[in-house]
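Chain by chain, the residues run as shown.
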Amino acid sequence: MKRIIIIPIGKVNPEFLRTISSATGHKFHTKAEVGRKMSIPPDSYNVLRKQYNAVAVLKEMISYKQRAGDSLLGIVDIDLYASRFNYVLGEADPNAGVAVISLWRLRQEFYGLPGDKDLLKERAAKEAIHELGHVYGLDHCPDPECIMYFSNRISDTDKKGPGFCDICQEMLGL
Ligand SMILES: [Zn+2]
Ligand SMILES: [Zn+2]
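Along every chain, residues carry numbers that run from 1 in the direction the sequence is written. Both sets of labels track the order of writing: A upward for chains, 1 upward for ligands. Local features are withheld for residues below a pLDDT of 70 in this predicted model, meaning they are given only at 70 or higher, and side-chain atom pairs are given and counted only at 80 or more; totals for whole chains, interfaces and linings count all residues.

Undergrad: Break down the pairing of strand 9 (residues 98-102) for me, with residues and values.
TA: Of all five residues in strand 9, five are buried; the element is thus mostly enclosed. Around each residue's C-beta, the other C-beta atoms within 10 Å are counted; 20 or more make the residue buried, 12 or fewer make it exposed, and counts in between make it partly exposed. All C-beta atoms are placed from the backbone. Note on conventions: DSSP H or I runs of at least 4 residues are helices, E runs of at least 2 residues are strands, and numbering of each starts at the N terminus. Residue alternation in strand 9 divides its side chains into two sets, Val98, Val100 and Ser102 and Ala99 and Ile101, and both sets are buried. Sheet topology places strand 5 (residues 71-76) next to strand 9; five bridges connect them, and they run parallel. Within strand 9, the residue paired with valine 76 across the bridge is serine 102. When strand 8 (residues 90-93) meets strand 9, the two strands line up antiparallel, connected through four bridges. Counted as the bridge partner of alanine 92 is alanine 99 from strand 9. The rule for pairing is simple: two strands pair if DSSP sees at least two bridges between them. Taking the residues that link successive antiparallel strands as the turn, the strand 8-strand 9 hairpin has four residues, and the phi of glycine 97 there is positive, at about 75°.

Undergrad: Tell me about the nonpolar core, residues and numbers included.
TA: Counting residues in hydrophobic clusters, the biggest one holds 47 residues, and the most contacted among them are Ile6, Ile20, Leu73, Ile75, Ala128 and Leu132. Those elements that place two or more of their residues in this core are strand 1 (4-9), helix 1 (14-27), helix 2 (54-61), strand 5, strand 6 (80-82), strand 9 and helix 3 (117-135). In terms of residue count, the dominant contributor to this core is helix 3 (six residues). For our purposes the nonpolar core covers buried Ala, Val, Leu, Ile, Met, Phe, Trp, Tyr and Cys residues that link as a set through C-beta atoms within 7 Å.

Undergrad: Hey, could you go over helix 2 for me, with residue numbers and the actual values?
TA: Every buried residue of helix 2 is listed here: Ala54, Val57, Leu58, Glu60 and Met61. The buried residues of helix 2 occupy an angular sector of 160° when projected down its axis, which confines them to one face. This arc is built from the directions going out from the helix axis to the C-beta atoms.

Undergrad: Hey, could you go over helix 1 for me, with residue numbers and the actual values?
TA: Every α-helix winds through 3.6 residues per turn, so residues three or four apart in the chain are directed the same way. An expected span of 1.5 Å times one less than the residue number is assigned to each helix. Taking 1.5 Å as the rise per residue, helix 1 with 14 residues should run 20 Å; its terminal C-alpha atoms sit 20 Å apart, in good agreement. Residues Phe16, Leu17, Ile20, Ser21, Ala23, Thr24 and Lys27 constitute the buried set of helix 1. On its buried face, helix 1 is in contact with strand 1, strand 2 (32-34), strand 5 and helix 3. What counts as a contact is two residues whose backbone-derived C-beta atoms lie within 7 Å of each other.

Below is the structure:
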C-alpha cells in the first residue's frame, strides 16, 4: 500500500499535522501518518532573499523515505521560494515522490488580517492535497474549482474546492 507520510520540518504546530494527515489520507484513500521530524536544512536558506529554497528542502527529504512506494509530504512554517517564483506555497518532485507545503503565506496574519485557525487548516489541507496530487502524477488543471488549479495567490486557493474535478479524479484512478 502506498502510504502518505507527513514530515514536520522545523517547528510546526502538531494540530496542523493531524488535520493534514486526516485530510490527505481520506482524499487519496490510503493510510496517512506523521513520520519522523526533520530539521530545516541550513543550506536551503538564501541570505539575500531571506527565504528557503523549496528544492533544497525536497532534496533533503528524500533520505527520510523508508519505503520506495511512500509519498512524503513535508510541512514547514518558513517562507519558501523556487528559482522561477518569488515564493511558492508548495513544491513537489513527483519522480522522487516527495512534496512540501509552507504554512507561512496561508495565514491571514501574513496579509495583515486577524488570524483564522479554521481557514488556515482548510488552506493547508488544500495545498497538501494539491502537492500530493503532483506526486500521484497529476499536472495543473485549467478548472479554477479543481484542487489541481495552480494557486498563484491565496485567493486562488480559497476559490478552489478541496476535491479533484472529474477529469483529474479519473486520471488519479482512485
Ligand atoms: Zn501545483
Ligand atoms: Zn482538475
